[in-house]
Amino acid sequence: MRAKPDASRRIARFGELGAVVATIIIVAVACGYAYPDNRPTGVPGQQNGKLTPSVLTTVTSRCKAERNAGADLRRLIASARTAGITLAPAECYRDYAGQVYWRNYWCNLGRCQMAAVPGTSIHGWGKAVDFDNLRFGTREYEWLKSYAWFYGWNHPGWAEPGTGSAEAWHWEWVGDGGTMFSGRADGTSSRSASEVAPSPVDR
Ligand SMILES: [Zn+2]
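Residues numbered from 1 in each chain as written. Predicted model: local features only at pLDDT ≥ 70, side-chain atom pairs only at ≥ 80, totals over all residues.

Student: Help me out: how do you make sense of the overall build of the protein in this one?
Tutor: When its secondary structure is counted, the protein shows four helices and six strands. In the protein, the succession of helices and strands from N to C terminus is α-β-β-α-β-α-β-α-β-β. Buried positions account for 37% of the 203 residues belonging to the protein. At a minimum sequence separation of 6, the contacts of the protein that also span at least 24 residues come to 70%. (Helix = DSSP H or I, 4+ residues; strand = E, 2+ residues; numbered from the N terminus. Buried ≥ 20, exposed ≤ 12 C-beta atoms within 10 Å, placed from the backbone. Contact = placed C-beta atoms within 7 Å.)

Student: Quick question: what am I supposed to make of unusual backbone geometry here?
Tutor: Trans peptide bonds make up the majority, and among non-glycine residues the majority have a negative phi. With phi around 60°, Asn133 is a residue other than glycine that occupies positive phi space. With respect to the element layout, Asn133 can be found in the loop between strand 4 (128-131) and helix 4 (139-147). Asn133 gets classed as exposed once you count the C-beta atoms within 10 Å, which come to 11.

Student: Is there a simple way to think about the sheet that holds strand 6 (residues 170-173) in this case?
Tutor: Two orientations exist for strands paired in a sheet by backbone hydrogen bonds: parallel and antiparallel. Read across the sheet, four strands follow the order 3-4-6-5 without closing on themselves; strand pairing throughout is antiparallel. Both outer strands of the open sheet, strand 3 (89-91) and strand 5 (153-154), are each paired with one neighbouring strand and no more. For strand 5 and strand 6, the ladder comprises two bridges, and the chain directions are antiparallel. Of the residues in strand 6, the one forming a bridge with Asn154 is Glu172. (Pairing = 2+ DSSP bridges.)

Student: Explain the environment of Trp171 here, please?
Tutor: Positionally, Trp171 belongs in strand 6. Each C-alpha atom of the pair Trp171 and Asp130 lies 6.5 Å from the other, and the pair is 41 residues apart in sequence. If we ignore the near neighbours within four places in the chain, the residues touching Trp171 are Ala128, Val129, Leu144, Ala148, Trp153, Asn154 and His155.

Student: In this structure, what is going on with the pairing of strand 2 (residues 63-66)? I would like to understand it.
Tutor: For a regular strand, side chains alternate in direction, first toward one face of the sheet and then toward the other. As paired elements, strand 1 (residues 56-60) and strand 2 share four bridges and run antiparallel to each other. Within strand 2, the position partnered with Thr60 by the bridge is Cys63. The hairpin formed by strand 1 and strand 2 contains two residues between the paired strands.

Right, here's the structure in full:
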């Protein structure tokens, strides 16, 4: 014969179930605009890789970014620091000449897929960051996976492990809603997905 759980145990079980359900709900809704398929929008009135200095902000000596993306990146880096995590951008905005350089570099190694077609890189909009020495499975990467969404930063699906173009270090800013939620967040109503000129691998 099985003993009946007493009332307090049943209540405790309800409590556990409630906590599990609450956790699932929180995880489901609390990722902001961070989705594998969400991509940054372009910058209205600007050309990729040829941004005028007024739309850029200096985040660190090695990182200029689009103003809104850069402001969120500063907050992201500061928040990480309080958690004992050091995030150092190696590069953010990449001008057209820089995109040509990296495309040639990788194509010469027979790996064109590692660099965007010049003029299509998200770095050319100032809305991507490559973190120095960031690798999958590290504390830094796991922290970003947990918290970057809160600052509008997303790890795109094409850069995930097992894709053939995996890049732990490459993160993109979709804090204005990105292509998936264009127009739902402040200041995005005039932007459209077509401004991004997406390509299969677009960094
Ligand atoms: Zn990148």
